[in-house]
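Structure assessment
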Amino acid sequence: MTKKKDSSSPLVENIDPSFEPWEPPRPIPIFLLAVLVALALAGVGLYLHDLAPHAAPDESTVIGSHGGGTPVVPAMAASRDAPVLVYSGQGSVWSCASCHGEAGEGAGITPRLAGISEAYLLKQLEDFASGARLNESMQYVARGLQPADMKELASYYAKLPVPAIAVPSSDADLARGQALFQKGDWKQNVPACISCHGSQGEGVGAAFPPLAAQQADYLFSQLSAWKGGHRHNSPQTLMDDIASRLSYEDLYAVSYYAASLPAPGTQAK
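The structure contained in this document is the topic of the report that follows. (Residues numbered from 1 in each chain as written. Predicted model: local features only at pLDDT ≥ 70, side-chain atom pairs only at ≥ 80, totals over all residues. Heavy atoms only, no water.)

Time to look at the side chain of Ser255. With respect to the secondary-structure elements, Ser255 resides in helix α11 (residues 248-260). On the basis of relative accessible area, Ser255 is assigned to the buried category, the value being 1%. (Helix = DSSP H or I, 4+ residues; strand = E, 2+ residues; numbered from the N terminus. Buried < 20%, exposed > 50% of the residue type's maximum accessible area, 1.4 Å probe, protein only.)

Once their charged atoms are close, side chains differing in charge can pair, the charge on each being opposite to the other. Under the defined criterion, the tally for this structure stands at four salt bridges. We note a salt bridge from Lys123 to Asp127, for which the minimum N-O separation is 2.7 Å. Within this pair, Lys123 and its partner Asp127 are both found in helix α4 (residues 118-130), separated by four residues, close to a single helical turn. Given the relative accessible area of 11%, Asp127 is considered buried. A salt bridge links Arg176 to Asp250, with the shortest nitrogen-to-oxygen separation between them at 2.9 Å. Residue Arg176 is located in helix α7 (residues 174-182), and its partner Asp250 is located in helix α11; the two are separated by 74 residues in the primary sequence. Judged by its relative accessible area of 23%, Arg176 is partly exposed. Since its relative accessible area comes to 10%, Asp250 is described here as buried. One salt-bridge network, in which partners are shared between bridges, spans Arg176, Asp185 and Asp250. (Salt bridge = Lys/Arg side-chain N within 4 Å of Asp/Glu carboxyl O.)

A word on the packing of aromatic side chains. Under the criterion given, the structure shown has five aromatic pairs. Relative to Tyr257, the ring of Phe181 has its centre 5.5 Å away and its plane inclined at 65°; by these criteria the two rings are edge-to-face. Taken together, the residues Phe181 in helix α7 and Tyr257 in helix α11 connect sequence positions 76 residues apart. By the burial criterion, Phe181 is buried, and Tyr257 matches it. With a centroid separation of 4.7 Å and an interplanar angle of 45°, the aromatic rings of Tyr252 and Tyr256 are classed as tilted. Remark: Tyr256 and Tyr252 occur in helix α11; sequence separation between them is four residues, near one turn of the helix. Here the aromatic cluster, defined as three or more aromatic residues joined through ring pairs, consists of Phe220, Tyr252 and Tyr256. Taking NZ or CZ as reference, Lys227 lies 5.3 Å from the ring centre of Tyr248, over its face. (Phe/Tyr/Trp six-rings, centres within 6.5 Å; stacked < 30°, edge-to-face > 60°. Lys NZ or Arg CZ within 6 Å of the ring centre and 35° of its normal.)

If you want it as structure tokens, here you go:
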């Protein structure tokens, strides 16, 4: 008995040889190619910009003012005479401004350098280089500097005007911070900060840096380092002893109070 052919099945000879069961690839639209090329060129441009030395801009910029109303100082007031290391770095050593800011103002846990005494800055660079003060990044930088480089940088930053720094908002107990700063806490054998750092927190010589208008988070990080035994380059372990007697809450409070004070040589309005 002959089986009837299924009329729904196409015969091989009836199949169009040009038929493609898969959707053929479509060409990428020209505008999309243009966008991809533009993004690639922009990426290359940013990469080359990061590699290039950062020259000081001609126009001054402005740093945010203190909560206490400290006058704002132009950020680039003294940049024209900057050593090469400040903006361009040298060899494998990156530029100072890449971390400490265009005006030496610092940010967060990176300290302000502008207006700090040459003797103190020089001592810190020497301590980083020798290992007396621990910080992996700064040890790498300092060990790549010659003594003349250190002196040149310290002198430059010491002469910069102190920019006004905006203190971030926090829940610090500023009243407690003020009491510690101005009077200390003799029940815990803690002297007032002003007894060593100056009546306005302006700093004294090579041993006692300014606290006023310094980055609050930096101050807290260093007090915590002394308390935790991670910093040891204070004269006669003075700061190690003081920080060890205070709670972290107290260290936080005095850090934010000191940072809120007007910069040395200025007065809050």
